[in-house]
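Structural description and commentary
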Amino acid sequence: MDAEFRPYRSLLYIPGSKERALDKARGLPVDAILFDLEDAVTPDAKATARETLKEALAAGGYGARARIIRVNGLDTPWGADDVAALKGAGADAFLLPKVNRAADIDALADLLGDDTPIWAMMETPQAIFHAAEIAAHPRVQGFVAGTNDLAKELGCRDRADRLPLQMALQTILMAARAHGVIAADGVYNQYKDEDGLRAECEQGRDLGFDGKTLIHPAQVAIANACFAPTDAEIDLARRQIAAHAEVETTGQGVAVVDGKIVENLHVETAKKTLAKAEAIAQMA
Ligand SMILES: CC(C)(COP(=O)(O)OP(=O)(O)OC[C@H]1O[C@@H](n2cnc3c(N)ncnc32)[C@H](O)[C@@H]1OP(=O)(O)O)[C@@H](O)C(=O)NCCC(=O)NCCSC(=O)C[C@H](O)C(=O)O
Ligand SMILES: [Mg+2]
């Protein structure tokens, strides 16, 4: 599926070392899988995780889900070996953790030696200050907010409203939108707390994120629902497009729907809503 139209409502991390989870993902309704070789894999399991993941990708069965491999940082003992082992294994993209500058993207691109898209974990203070230059890198396709690492770096408290993280989250979004990059929100750690997850998904959706990164299958349905256009939004989009088209025939540029003005820019948003709904329907 073309990355421009692909939905990214739910992006599920799967430890590269867990065969059972790698298999289970073949039947989960996720938009993307983040095959993890970094934090979810212990140092002594790194080498076998590479092989386990390579075999899972070779076996296939992941359908339309985007397959994204998170390698270890290139300044760790494992990063370069991860790339050497997994390049050419059929991933749709590689995700680099602890990115600080655009030069870090160059380093991964050099090791890959092909044109596979690169995603950046935005999880260090340096990354937030250099968000625009990272997003502008021609190889960067997506950003993932690393809210655990950001909280660790900031020394902030874990608050339900994520107030201490708002500047970072919005900077990630601004940079992503300035350069046409996909933006995925961070994980919600209390994976058995559905209400908390729903509230955080709603906040991420309100801010403008494309979707949420997840750590457990039980989180998928909530993220998929929150980041999809609702029936009411689809209905409104259709009515806005129709109403604007009608006034245009009379030489006017402004329609009114449900008491609110509809101009060209609203029509663009409405068309994006319908395109997103269509892309989601194609994933089913
Ligand atoms: C959190 C977990 C350790 C819980 O594992 P477990 O106790 O095994 O869960 P369940 O028994 O409820 O599992 C039920 C079935 O679901 C499968 N499963 C579990 N998790 C996943 C998954 N992520 N993907 C696919 N399938 C999964 C189990 O195998 C069970 O299957 P079955 O037996 O067939 O019924 C565990 O969920 C887990 O390890 N999650 C991933 C954690 C992870 O990836 N962490 C790293 C990413 S988050 C991060 O790094 C943050 C970021 O960098 C930042 O800075 O913020
Ligand atoms: Mg992290």
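Our structure is the block above this text.
Residues numbered from 1 in each chain as written. Chains lettered and ligands numbered in written order. Predicted model: local features only at pLDDT ≥ 70, side-chain atom pairs only at ≥ 80, totals over all residues.

Some remarks on the environment of Leu 111
Put simply, the rule is: Each helix is a run of H or I in the DSSP string that is no shorter than four residues. Each strand is a run of E no shorter than two, and both are numbered from the N terminus. Neighbour counting defines burial: a residue surrounded by 20 or more other C-beta atoms within 10 Å of its own C-beta is buried, one with 12 or fewer is exposed, and intermediate counts give partly exposed, using backbone-placed C-beta atoms. Residue pairs are scored as contacts if the distance between their C-beta atoms, which are placed from the backbone, is within 7 Å.
Structurally, the position occupied by Leu 111 is in helix α4 (residues 102-112). Here Leu 111 falls in the partly exposed class, since 16 other C-beta atoms lie within 10 Å of it. With 27 residues separating them in the primary sequence, Leu 111 and Ala 84 have C-alpha atoms 7.5 Å apart. Contact partners of Leu 111, with chain neighbours within four places excluded, come to Ala 80 and Val 83.

Regarding the sheet that holds strand β5 (residues 118-122)
For the record, the criterion: By this definition, two strands are paired if DSSP reports at least two bridges between them. For helices, the axis comes from a line fit to the C-alpha atoms of the stretch in contact; other axes are also lines fit to C-alpha atoms, and the angle between any two N-to-C directions lies between 0 and 180 degrees.
The eight strands are arranged β1-β2-β3-β4-β5-β6-β7-β8 in a closed barrel whose pairing can be described as parallel. Averaged over all pairs of adjacent strands, the angle between their axes in this sheet comes to 25°, without regard to strand direction. Where strand β7 (residues 182-185) lies against strand β8 (residues 211-214), two bridges are found, and the strand directions are parallel. For Asp 185, the partnering residue across the bridge sits in β8 and is Lys 212.

Here we look at unusual backbone geometry
Phi is positive for Arg 162, which is not a glycine, with a value near 55°. Since 20 C-beta atoms lie within 10 Å of it, Arg 162 is described here as buried. We note that Asp 258 has phi near 50°; this positive angle belongs to a residue other than glycine. Among the residues examined, Asp 258 registers 9 C-beta atoms within 10 Å and is labelled exposed.

No statement about biological role is implied by the geometric values presented.
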